[in-house]
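Chain by chain, the residues run as shown.
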Amino acid sequence: MEEVLAKRNEIREANRTGVYPACEGCYFLEERNWPDQQSHLIRVMDIAMASACQLRCKYCYTVLLPEIASNSTYDLYQICREFIDNGWLSPNANIVWTGGEPTLFKRFDDVLSMLMFGNIRHRLFTNAFRFSDSVALGMQTGRLQLICSPDAGTPETYAAVKGRNCFEQIKEVCAQYARVRGDFRLKYVCISENANRKDADGFLDMIRQLHINHIFLDVDHGIPTIGQSIIDTLGYILAKARQSGVNVDFYDGVKGYPELRLPERIEFRADECKRKDPLEGGCCLVVTPKTGLEGLTPLRMVSISLDQDAIRLCSSGSDPGILLPEFPLPAGYRAMITADITVGQQDLMEVFYIPEDDTDYRQQNSVSVLLEPGRNHVLMTAFPLYGCLKGRVRLDPGIHAGEYLLHHLEVSTEKNTT
Ligand code: SF4
């Protein structure tokens, strides 16, 4: 224990004056006035024994990196006993159980009941392969929050993502936990295999049937970028779950993609879902600081530059505008524009297009939306109502001279049913 304390102090000191090398880039790192004196050594304990699980999830580190899965033979019960007997474990501790599957730990029931004292709170991640009475008891006492991540809404996808064909069994065990009436939450780790409507709807059905009132959305932390279908699916689940009164949180891993502004993009997509059912056609153009200025043409007295989280449009004259890059719009489809834009005053944003039977931009071939000062998330009505587009679409972010910050613009298409 002296060794642990010495290391902890070393890390703490390094982070006070700079960054401890292993902490560099960690999104949990935050500057705060941390108290120096702690009455107990352990206030947060993460119990993770990666050596045993009935499933083989595609994104799980125990599957991807079997060499780091622990084969420890130490006695968890004895270690926890020592923590308690020496007064190291705070009676207000938060204990997180991950795995592998925690209920497979040796003497799991004994360890859990030993750790049910004082005001200790548990968060336990289970695969719900089998029901545990001691977990249910912990839930009933209000000390244990249980989380299960089915990651699918159909048996086929469940088998593809989780490596075992047992969707119905998992649903049954989840139903048993739901009947306990404790704090039971579900999670959806969205990867390419389950990034679709059918699974999202199946998952939403499960939430409804089990009366779950809190879910987490997550992504595979191991992949470098998150595709549009994942954002679409998470946005869809977010919108539908919130519409039914379910609380939705992003799991910490989602926040690990700051360069993609992932929570905002998912929220943005959810916002769109609330107003229409947009995911049938698909996204055909995205303009963000990440995609850069390529294909954008400033008009009149506008200059364009890149900021960290926005494309900056500066206009020295009234009626600023830019031409967007050309995008495909097949016959029989129409386009929707969603934009995330900051403006300095109340303004009118307009989008002009040229239908195939015309030659220039005209007021009758435009859609507009009123912007409030500050940041706006807006959805522009579908266009054109009939026929195909000719040339490029023109975006007038406002009618005043000044500065406009375009954080995100997306054009999606949908079948024209009018
Ligand atoms: S259930 Fe959990 S521990 Fe088991 S393979 Fe899946 S993610 Fe890994």
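Keep in mind the model is a prediction, meaning the values are calculated, not measured. Along each chain, numbering runs from 1 in the same order as the chain's sequence is written. Residue-level local features of this predicted model are given only where pLDDT is at least 70; pairs of side-chain atoms are given and counted only at 80 or more, and the full residue set underlies all totals for whole chains, interfaces and linings.

**Q** Describe helix α1 (residues 2–17), with residues and values.
**A** Because each turn of an α-helix spans 3.6 residues, side chains separated by three or four positions in sequence point in the same direction. In DSSP terms, a helix is any run of H or I states spanning at least four residues, a strand is any run of E spanning at least two, and both are numbered starting from the N terminus. In this scheme, a helix's expected span is set at 1.5 Å multiplied by one less than its residue total. For α1, built from 16 residues, the straight-helix expectation of 22 Å at 1.5 Å per residue is met to within 8% by its first-to-last C-alpha distance of 23 Å. To sort residues by burial, count the other C-beta atoms lying within 10 Å of each one's C-beta; a count of 20 or more means buried, 12 or fewer means exposed, and anything in between means partly exposed. C-beta atoms are built from the backbone. The element α1 is largely exposed, with a buried count of 0 among its 16 residues.

**Q** Let's hear about the site of the ligand: which residues, and what values?
**A** Residues are counted as near a molecule or strand when the C-beta atom, derived from backbone positions, lies within 6 Å of that molecule or strand. Every residue close to the ligand is listed here: C53, L55, R56, C57, C60, T62, V63, G99, G100, E101 and N127. The residue classification treats Ala, Val, Leu, Ile, Met, Phe, Trp, Tyr, Cys and Pro as nonpolar and Asp, Glu, Lys and Arg as charged. All others, Gly included, are polar. Looking at the shell around the ligand residue by residue, the class counts come to 5 nonpolar, 4 polar and 2 charged.

**Q** Give me the lowdown on the domain arrangement of the protein, citing residues and values where you can.
**A** Each assigned domain of the protein is listed here: domain 1 (1–37), domain 2 (39–275) and domain 3 (283–415). Domain delimitation follows an automatic or database domain assignment. In this structure, domain 1 and domain 2 have C-alpha centres spaced 27 Å apart.

**Q** Describe the nonpolar core, with residues and values.
**A** Buried Ala, Val, Leu, Ile, Met, Phe, Trp, Tyr and Cys residues whose C-beta atoms connect them within 7 Å together make up a nonpolar core. Counting 63 residues, the largest nonpolar core has L146, I207 and I237 as the members making the most contacts within it. For this core, the element with the highest residue contribution is helix α9 (residues 228–243), accounting for 8 residues. What counts as a contact is two residues whose backbone-derived C-beta atoms lie within 7 Å of each other. Ignoring any residue separated from it by four or fewer positions in sequence, one finds L146 in contact with L124, T126, V135, M139, Y177, G182, D183 and F184. A339, M349, V351 and L389 belong to the second largest nonpolar core, which has 27 residues in total.

**Q** Any chance you could break down unusual backbone geometry for me, citing the residues and the numbers?
**A** Although it is not a glycine, A128 sits at a positive phi angle of roughly 60°. Here D151, not a glycine, exhibits a phi torsion of approximately 55°, which is positive. Within the element layout of this structure, D151 appears in the loop between β4 (144–148) and α6 (155–162). We classify D151 as buried; it has 24 C-beta atoms within 10 Å.

**Q** Give me the sheet that holds strand β1 (residues 42–49): which residues, what numbers.
**A** Here, a strand pair is defined by DSSP locating no fewer than two bridges between the strands. Strand order in the open sheet formed by 7 strands is β1-β2-β3-β4-β5-β6-β7, with parallel pairing between adjacent strands. Two strands bound the open sheet, and with one partner strand each, they are β1 and β7 (247–250). Pairs of neighbouring strands in the sheet enclose a mean axial angle of 20°, with direction left out of account. Pairing of strand β5 (residues 183–190) with strand β6 (residues 214–219) involves 5 bridges; the strand directions are parallel. Residue pairing in the sheet places Y188 in a bridge with L217 of β6. Whenever a helix is involved, its axis is fitted only over the stretch in contact; in every case the axis is a line through C-alpha atoms, and angles between N-to-C directions fall within 0 to 180 degrees. Helix α5 (residues 133–140) contacts β3 (121–126), β4 and β5 of the sheet and is inclined by roughly 125° relative to β4.

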